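Structural description and commentary
The primary structure of each chain is shown beneath.
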Amino acid sequence: FFLMVYSLLEGHLCLRERITLSIFSKQNILIKNIRTNSLTPGIRKFEIELFSLVDKITKGSEFRINENGTMLKFFPGNENVDKLSHYTGKYRSLSYYLEFVLYASIFRSNWLEVKLSGLRSSTIDISLETLLYVTIPLYRKLGLRDIRVKIFSNSFSKNRNTDLVLICSPVKLKTKFILNEPGILKKLRVIYSYSSLISFPKEKVKNLLKNYILNQDVDVGIYDFKIPNKNFFFQTVILIGETSTGCILGADLCTTKKEGEPSFWKEKIGQLFFFFFDDLKTGSCVDYRNQISLLMKLLDKEKLGISGIRIGKLTLSCIIFFRDVKKITGTIYKISPSIDNQSVTLEA
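Below, the structure is looked at part by part. Only a predicted model underlies this, so the values are computations on that prediction, with no experimental measurement involved. (Residues numbered from 1 in each chain as written. Predicted model: local features only at pLDDT ≥ 70, side-chain atom pairs only at ≥ 80, totals over all residues. Heavy atoms only, no water.)

Attention now goes to the sheet that holds strand E14 (residues 248-255). Reading across from one edge, E12-E11-E13-E14 is the order of the four strands in this open sheet, with mixed pairing throughout. Each end of this open sheet is capped by a strand with a single partner; those strands are strand E12 (219-226) and E14. Across the sheet, the mean angle from the axis of one strand to that of its neighbour is 10°, orientation sign disregarded. Across eight bridges, strand E13 (residues 235-243) lies against E14 in antiparallel orientation. (Pairing = 2+ DSSP bridges. Helix = DSSP H or I, 4+ residues; strand = E, 2+ residues; numbered from the N terminus. Axes fitted to C-alpha atoms, helices over the stretch in contact; angles between N-to-C directions.)

Glancing now at the sheet that holds strand E9 (residues 148-153). Pairing is mixed in the open sheet, where four strands are placed in the order E7-E8-E10-E9. With partners counted over all chains shown, the strands left at the sheet margins are strand E7 (83-87) and E9, one partner each. Sheet twist, expressed as the mean angle between neighbouring strand axes with direction ignored, is 15°. As paired strands, strand E8 (residues 112-118) and strand E10 (residues 162-168) are joined by seven bridges and run antiparallel to one another. Paired with Glu113 across the bridge in E10 is Ile167. Across the sheet, helix H2 (residues 45-57) is in contact with E7 and E8; its angle to E7 comes to roughly 170°. (Contact = heavy atoms within 4.5 Å.)

Bringing the side chain of Asp279 into the picture now. With respect to the element layout, Asp279 can be found in helix H6 (residues 262-281). For the buried residue Asp279, which engages in no salt bridge, the nearest side chain bearing the opposite charge is Lys313, 7.4 Å off. Apart from residues no more than four positions distant in its own chain, Asp279 is found in contact with Leu249, Ser284, Asp287 and Tyr288. (Buried < 20%, exposed > 50% of the residue type's maximum accessible area, 1.4 Å probe, protein only. Lys, Arg positive; Asp, Glu negative; His and termini not counted. Salt bridge = Lys/Arg side-chain N within 4 Å of Asp/Glu carboxyl O.)

Let us look at the nonpolar core. By size, the foremost hydrophobic cluster in this structure holds 84 residues, and its most contacted members are Ile19, Leu295 and Phe321. Looking at this core, the element that brings in the most residues is helix H3 (residues 94-105), giving eight residues. Excluding its chain neighbours within four sequence positions, the residues that come into contact with Ile19 are Ile29, Leu50, Phe51, Val54, Phe63, Phe74 and Phe100. (Core = buried A, V, L, I, M, F, W, Y, C linked by side-chain atoms within 4.5 Å.)

Our focus in this paragraph is a nonpolar patch on the surface. On the surface, Tyr212, Phe274, Phe275 and Tyr288 cluster together to form a nonpolar patch covering roughly 380 Å² of accessible area. Considering the arrangement of structural elements, one finds Phe274 in helix H6. (Patch = residues over 30% accessible without salt bridge, like charges linked within 9 Å, V, L, I, M, F, W, Y side chains within 5 Å. Areas by Shrake-Rupley, 256 points an atom, 1.4 Å probe, with all protein chains shown as cover.)

Glancing now at the packing of aromatic side chains. Applying the stated criterion across every chain yields a total of 15 aromatic pairs. Taking 5.1 Å as the distance between ring centres and 85° as the angle between the ring planes, the aromatic pair formed by Phe276 and Phe277 counts as edge-to-face. With a relative accessible area of 11%, Phe277 lands in the buried category. Members of the aromatic cluster, each reached through a chain of ring pairs, are Tyr212, Phe273, Phe276 and Phe277. One cation-aromatic arrangement involves Arg92 over Phe46; the distance from NZ or CZ to the ring centre is 4.6 Å. (Phe/Tyr/Trp six-rings, centres within 6.5 Å; stacked < 30°, edge-to-face > 60°. Lys NZ or Arg CZ within 6 Å of the ring centre and 35° of its normal.)

Another point: the side chain of Glu17. Within the fold, Glu17 resides in helix H1 (residues 15-25). The charged side chain of Glu17 is buried without a salt bridge, its nearest counter-charge being Arg16 at 4.0 Å. Only 3.0 Å separates the side chain of Glu17 from the side chain of Tyr103, close enough to count as a polar contact. (Polar contact = N/O pair within 3.5 Å; in protein donor to acceptor, adjacent residues only side chain to side chain.)

Turning our eyes to something else, we now look at unusual backbone geometry. Comment: phi is negative for the bulk of residues other than glycine, and the bulk of peptide bonds are trans. Positive phi outside glycine occurs at Cys14, with the angle close to 60°. Accessibility expressed as a relative area gives 12% for Cys14, which makes it buried. Positive phi is not limited to glycine here, since Arg35 has a value of about 55°. You can see Arg35 is positioned in the loop between strand E2 (29-32) and H2.

Moving on, we get to H2. Since one α-helical turn is 3.6 residues long, residues separated by three or four positions face the same way. Compared with an ideal rise of 1.5 Å per residue, which puts 13 residues at 18 Å, H2 spans 19 Å between its outermost C-alpha atoms and is within 8% of the ideal. Those residues of H2 that fall on the buried side of the exposure criterion are Phe46, Glu47, Leu50, Phe51, Leu53, Val54 and Ile57. Viewed along the axis of H2, the buried residues span an arc of 160°, placing them on a single side of the element. (Expected span 1.5 Å × (residues − 1). Arc of directions from axis to C-beta.)

At a minimum axis distance of 11 Å, the contact between H2 and H3 shows a crossing angle of 35°. Crossing angle aside, the handedness with which H2 passes H3 is right-handed. Every residue of H3 that contacts H2 at Phe46, Glu47, Glu49, Leu50, Leu53, Val54 and Ile57 is listed here: Tyr96, Tyr97, Phe100 and Val101. When its residues are assigned to classes, the contact of H2 with H3 shows nine nonpolar, no polar and two charged. (Left-handed = near helix turned anticlockwise from the far one by under 90°. Nonpolar A, V, L, I, M, F, W, Y, C, P; charged D, E, K, R; others polar.)

A few words now on the packing of helix H7 (residues 291-299) against helix H8 (residues 316-329). The geometry of a pair of packed helices is captured by two quantities: the angle between their axes and the separation between those axes. Interhelical geometry of H7 versus H8 gives an angle of 20° and a closest axis separation of 10 Å. The angle between the axes of H7 and H8 places the two elements in the roughly parallel class. Of the two elements, H7 crosses H8, and the hand of that crossing is right-handed. Together, Gln291, Ile292, Leu295, Met296 and Leu299 of H7 and Ser317, Cys318, Phe321, Phe322 and Val325 of H8 make up the contact between the two elements. (Parallel < 35°, antiparallel > 145°, perpendicular 65-115°, else oblique.)

This part takes up the pairing of E14. The side chains of a regular strand alternate between the sheet's two faces. Most of E14 sits inside the fold, with eight of its eight residues counted as buried. Burial of E14 is two-sided: the residues Ile248, Gly250, Asp252 and Cys254 facing one way and the residues Leu249, Ala251, Leu253 and Thr255 facing the other way are all buried. Between the end of E13 and the start of E14, which pair antiparallel, lie four residues, with Gly246 showing a positive phi angle near 90°.

Now the structure itself:
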């Protein structure tokens, strides 16, 4: 007989991050009160799909869920196969699961090839475009030099309309990357991708660029890509910026509903530009979508190539992540405010 030790957590938020931390630290976790205040409490079907993916990536991981799904015990396993395929279901997009695979890849010591099949886009998940043009270039800077992604459109299924293949190498030792010096904006790309064109305010985008970019030295490009597929509808707009110090930031907007009204796009595009340039204004070296990925990297001290991360505004997910990291790994992040108090530098 032996006493099982758990890190006790609450609620349903940041489940992918909690599982990754558990695998990295080899610590069991117990999550209570999962959506207990919801009309439909407990684990969701898309989270069951996540557990299935975890089971394939690791060997010996075990999930125990109570009858109503409001309590979860997770016992982490070790690295398993280096090649796998997984159907992600119809409830969340591919990017929800790809983000978890990217989290896990930071700590892997072996090559990994993953094929994911499912929905291309969702209004509640980070866009595939952001992962391709912002997150993955960041991972390359962090040491995953040989990471590659291929995407294939499937015209024969509504719930399995996209296939994605990710191949990545182990993280290289001590890759140096400056993430506490924001620099100034040198390149900006606006990319609009869509399955069918409804309405898009290109003139609004051009006017916003004139208002926000006062420095004529910024290299600006506007691109659009059509991905025809009768089995899904999506429209995605992403801003991608690179600074003089090599920092890459992004902001995205995705809809899977045929929101054809010009007023909808004009309002949302304005908000998109505001969030993007607000990150730059506060001196952030990473956008809100990729904060946790870089905070994960700070935990890998053996392969650490960054001394700190400068962030403008912390997201709610980051605050929860700090608490979870302390409970699961015992690590505490040091937070130092900048001189102008518009940003903070984080160190593990």
